[in-house]
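# Structural characterization, general
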Amino acid sequence: MKYVLFICTPVADEELGPEEIAEDSRFTAYADEVRERGLGRGGARLRPSTDATTVRVQGDEVLLSDGPFVDTKEYIAGIDIVEVADLDEAIALASRHPAARGGGSVEVRPVWE
Amino acid sequence: MNENPAANDVENAVAAAFREEWGQVVATLIRVTGDWDLAEECAQDAFAQALDRWRRDGVPRRPGAWLTTTAKNRALDVLRRQAVGAEKLREVAVLARHEGPYDPEFEDDGGVQDDRLRLIFTCCHPALPIEARVALTLRTLAGLTTPEIAHAFLVPEATMAQRLVRAKRKIRNAGIPYRVPPAHLLPERTTGVLGVLYLLFNEGYAATSGADLLRRNLCAEAIRLARVLARLMPDEPEVLGLLALLLLHDARRDTRVDEAGQLVTLEDQDRTAWDRPAVDEGAALLEAALRRGRPGPYQIQAAIAACHTTAATAEETDWADIAGLYGELARFVPSAVVRLNRAVAVGMAEGPAAGLALIAELEQEGDLADYHLLPATRADLLRRMGRTAEAAEAYGRALELVENDAERNFLEKRLAECRSA
């Protein structure tokens, strides 16, 4: 089954860019596992939530707001798409992600197929 | 009145088979078809057919095997009619055939046991919300109807129905595997399963006046499921510990509330009315569990319950032993409630003053500020020291916090005693 892992980081945390992540052993160990086991199906490191714009339409009016949601303590820092046998495997993988271990969280969401 | 005793016998046989075999039939059908709703539907159909066929042909020697085979055949029929993809159908047919036609001589329990264990672990998967785990366990393993479960948990029927639908949908859509978890996950997952069974039991055990029969049934179901688990996982001491704990608590069920619906404390309960076989079985299970040398919170709680239920009189209770066990328990479950219980035991073993000192610590920490048993315990210790005015004040505080009628009545009675002393 395919799952999207939403990698969530506390809002106040340091914001690591792709280059920093590529050199950080906590992340490389995880990335190596995903690559070696051939589980990866795509993904992206996202710009911080401060750069996000949310679009909502009410009637004919397009409403924009700054940031993803109001009052959130975490923001989505990136997404990983993986293909594994079942939820237990997806949970096992997510639990080894540095975000899950370091004060953030990982939401595991099955892909609608 | 009863013109057809044979028909009555068959009805009893079907009712007994329902209690014993429902979970196993559903579990096997889920494995074979991968479809939870179809599995339940076919199991129901098999039990309905049993009523007719057993009247005509007699009760089979292995009712469970008969029911499973009948349900499997029904599932194949339904899938054929739905014109399910040929591949899936073949798969199901192979699975059904692989297990062979119903033959009472060659029925092997191994596969059946695995199926039920699979079902327990899937219903109690930690990715499901706890209420859904409990509801799903009662529905699929114990065969309770949705209205029965809703009634037992005091929620509207529609709410319970939705909870069950959502849980089954999540199992399917999120890819929750139908299996006993691999060895490295087993300890933590087993703890979750035991937690669900303990919760079931406590839902039924909570003392309320005019105890509702259906809630009492929850105790019986929890014990029955714990027995299944103990049979399936005989090497897991905490599983035996939980079953022992449930039996030892349940042994006192008839003496906890008097005819007027008033709460009767352990001290005042009629020990001759305790269910002796349940006490003996619980004590023997606990001993078998402890021999394995891997203690855990359920074994320790069972040991505490055994100290109470095996004492011949309230005075002969070994409170020092109980205080020690609560100390042990606190290492596994570092909760304020456990420490409150330890304070009670210490108060009995070393005198009320020693208990009161521990209560003072808990009051200072403030974790139990809204828990009526904290002031109630303080009140009891003060009462036993003869400090009745202070005790009355503490009973008053406990009464502000208590929510259960039986407990409220008890506290009011004690308050009146203190005031008139």
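Residues numbered from 1 in each chain as written. Chains lettered and ligands numbered in written order. Predicted model: local features only at pLDDT ≥ 70, side-chain atom pairs only at ≥ 80, totals over all residues. Heavy atoms only, no water.

## Focus: the overall build of chain A
Quick reminder of the rule: By definition, any uninterrupted DSSP run of H or I lasting at least four residues is a helix, any uninterrupted run of E lasting at least two residues is a strand, and each is numbered from the N terminus. Burial status follows relative accessibility: with a 1.4 Å probe on protein chains alone, a residue under 20% of its type maximum counts as buried, one over 50% as exposed, and anything between as partly exposed. Contact criterion: two residues are considered in contact whenever any of their non-hydrogen atoms come within 4.5 Å of each other. Positive charge is attributed to Lys and Arg, negative charge to Asp and Glu, and no charge count is given to His or to the chain ends. For this purpose, a charge sits on NZ of Lys, CZ of Arg, CG of Asp or CD of Glu.
Looking only at helices and strands, chain A features four helices and six strands. Secondary structure elements of chain A occur, N-terminal to C-terminal, as β-α-α-β-β-β-β-α-α-β. Counting only C-alpha atoms, chain A reaches 50 × 35 × 20 Å along its principal axes. Burial analysis of chain A (113 residues in total) assigns 33% to the buried set. For chain A, the share of sequence-separated contacts (at least 6 apart) that also reach a separation of at least 24 residues comes to 75%. Computed over 12 positive and 23 negative side-chain charges, the inter-centroid distance for chain A is 3 Å.

## What to know about the packing of aromatic side chains
Residues and elements named next belong to chain B. To keep things clear, this is the line we draw: By convention, a stacked pair of Phe, Tyr or Trp rings (six-membered ring in the case of Trp) has centres within 6.5 Å and planes under 30 degrees apart, an edge-to-face pair has planes over 60 apart, and any other such pair is tilted. Charge over a ring is defined by NZ of Lys or CZ of Arg lying within 6 Å of the ring centre and within 35 degrees of the ring normal.
Using the criterion set out here, one finds seven aromatic pairs over all chains in the structure. Look at Tyr198 and Tyr298: their rings are 5.7 Å apart centre to centre, the planes differ by 80°, and that puts the pair in the edge-to-face class. One end of the pair, Tyr198, is in helix α9 (residues 186–205); the other, Tyr298, is in helix α13 (residues 297–310), with 100 residues separating them in the sequence. One exposure class covers both Tyr198 and Tyr298, and it is buried. Chaining the aromatic ring pairs together yields one cluster made of Phe18, Trp22 and Phe47. Sitting over the ring of Tyr205, Arg256 keeps its end group 3.7 Å from the ring centre.

## Focus on the UniProt feature "domain: RNA polymerase sigma factor 70 region 4 type" (unreviewed entry) in chain B
Going by this rule: UniProt positions are given in the numbering used here, feature names are shortened, and annotations may be inferred rather than shown by experiment.
UniProt feature "domain: RNA polymerase sigma factor 70 region 4 type" (unreviewed entry): in the numbering of this structure it lies at residues 120–171 of chain B. Spanning residues 120–171 of chain B, this segment combines 73% helix with 0% strand, and its end C-alpha atoms are found 13 Å apart.

## Some remarks on the pairing of strand β4 (residues 61–66) of chain A
As a general feature of sheets, a regular strand has side chains that alternate between the two faces. Residues and elements named next belong to chain A. Here is the rule: For two strands to count as paired, DSSP must find a minimum of two bridges between them.
By the criterion of burial, β4 is predominantly exposed, with just zero of the six residues buried. By the bridge criterion, six bridges tie strand β3 (residues 53–58) to β4 in an arrangement that is antiparallel. Bridge pairing in β4 links Thr53 to Asp66.

## Here's the deal with the pattern of salt bridges
The condition is simple: The working definition used for a salt bridge is a side-chain nitrogen of Lys or Arg within 4 Å of a carboxyl oxygen of Asp or Glu.
This structure, assessed with the given rule, holds 38 salt bridges over all chains. Between Arg109 of chain A and Glu107 of chain A there is a salt bridge; the shortest N-O distance is 2.5 Å. On the basis of relative accessibility, which here comes to 43%, the residue Arg109 of chain A falls in the partly exposed class. In this structure, Arg118 of chain B and Asp115 of chain B form a salt bridge, with 2.5 Å as the shortest nitrogen-oxygen distance.

## Here we look at helix α11 (residues 237–250) of chain B
Short version of the rule: Helix span, as expected, comes to 1.5 Å for every residue beyond the first.
Helix length check: α11 of chain B (14 residues) gives 20 Å between terminal C-alpha atoms against 20 Å at 1.5 Å per residue, within 8%. Counting buried residues in α11 of chain B gives 14 out of 14 residues, a clear majority hidden from the surface.

## Some remarks on the sheet that holds strand β2 (residues 40–45) of chain A
In any sheet, the strands associate via hydrogen bonds between backbone groups, in a parallel or an antiparallel arrangement. Residues and elements named next belong to chain A. Worth spelling out the cut-off: Helix axes use the C-alpha atoms of the stretch in contact, all axes being lines fitted to C-alpha atoms, and the angles between their N-to-C directions lie in the range 0 to 180 degrees.
Strand order in the open sheet formed by four strands is β2-β5-β1-β6, and the pairing between neighbours is antiparallel. Since the sheet does not close on itself, it has two edges, and those belong to β2 and β6 (105–110), each with one partner. Pairs of neighbouring strands in the sheet enclose a mean axial angle of 20°, with direction left out of account. Relative to strand β5 (residues 74–83), β2 runs antiparallel, the two being bridged by four bridges. Along β5, the bridge assignment pairs Arg45 with Gly78. In this fold helix α3 (residues 87–94) packs onto β1 (2–10), β5 and β6, with an angle of close to 155° to the strand it touches most, β6.

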